[in-house]
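Breakdown of the fold
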Amino acid sequence: MLLKGLDERGFVFYTNQQSRKADDLAANPYCALVFPWHAMERQVRVEGVVEKVASDEVDAYFASRPRGSQLGAWASQQSQPVESREELDLQYTSYERQWPDGTEISTPYFWGGYRIRPEAFEFWQGRTGRLHDRLAYRRTSSSSWELVRLQP
Ligand SMILES: Cc1cc2nc3c(=O)[nH]c(=O)nc-3n(C[C@H](O)[C@H](O)[C@H](O)COP(=O)(O)O)c2cc1C
């Protein structure tokens, strides 16, 4: 996933809201984000609860995307099987015809964003002999965090 926003409210990503992950999040709004940097043996894990991004924010982001990505969002029933590559290309072409160059492409009704309000962070740093550093922060109130070092 592309991380498209980060501020004091949380981490934002955008996706198809009829996808497998959207179904999972509808059933259970808790999720984790993992940012690995293998070359540095470093990882940050974020756990939290998701909420949907407001529609005006979604529209503003969708409008900022390249035209091809906008058409691709319409053309893809994300996570559903498709007969062939040709079928997918045909779906794209039909939306290209619907919105010729120069016309404004609306945000798909099935498309949106999620904001993850972090409840916990774990900073992991690989070290020699398997004795890695793991620093775990857990939210104790809206503005304070408890820090615990975990065994690797
Ligand atoms: C570098 C990269 C960035 C991606 N960014 C997104 C994204 O921003 N939104 C999205 O819906 N899928 C993105 N994907 C595709 C997802 O990994 C995933 O295949 C898709 O969301 C369907 O997941 P699901 O079937 O679990 O719902 C990205 C994939 C890669 C490799």
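Let us look at the structure shown here. Predicted model, so just to flag it, every value in this text is computed and none were measured. (Residues numbered from 1 in each chain as written. Predicted model: local features only at pLDDT ≥ 70, side-chain atom pairs only at ≥ 80, totals over all residues. Heavy atoms only, no water.)

1. A short note on unusual backbone geometry
Look at Glu 41: it is not a glycine, yet its phi comes out positive at around 50°. As for its position among the elements, Glu 41 is in the loop between β3 (30-37) and β4 (42-52). Phi is positive for Ser 79, close to 80°, though the residue is something other than glycine. As for its placement among the helices and strands, Ser 79 is situated in the loop between α3 (67-75) and α4 (85-98). (Helix = DSSP H or I, 4+ residues; strand = E, 2+ residues; numbered from the N terminus.)

2. Focus on the site of the ligand
In the neighbourhood of the ligand, the contacting residues comprise Met 1, Leu 2, Tyr 14, Thr 15, Ser 19, Arg 20, Lys 21, Gln 78 and Ser 79. Here Tyr 14 contributes a backbone N or O atom positioned 2.9 Å from a nitrogen atom of the ligand. Here an oxygen atom of the ligand and a side-chain polar atom of Lys 21 are 2.8 Å apart. In the complex, the protein chains occlude 49% of the 620 Å² of accessible area that the ligand would expose alone. Looking at the shell around the ligand, the elements with two or more residues in it are β2 (10-16) and α1 (20-27). Considered class by class, the residues forming the shell around the ligand number three nonpolar, four polar and two charged. (Near = heavy atom within 4 Å. Polar contact = N/O pair within 3.5 Å; in protein donor to acceptor, adjacent residues only side chain to side chain. Areas by Shrake-Rupley, 256 points an atom, 1.4 Å probe, with all protein chains shown as cover. Nonpolar A, V, L, I, M, F, W, Y, C, P; charged D, E, K, R; others polar.)

3. A short note on the pairing of strand β5 (residues 111-125)
In this structure, β2 lies alongside β5, joined through six bridges in antiparallel fashion. Across the sheet, residue Phe 13 finds its bridge partner in β5, namely Tyr 114. In this structure, β5 lies alongside strand β6 (residues 133-139), joined through six bridges in antiparallel fashion. Paired with Phe 123 across the two strands is Leu 135, which belongs to β6. (Pairing = 2+ DSSP bridges.)

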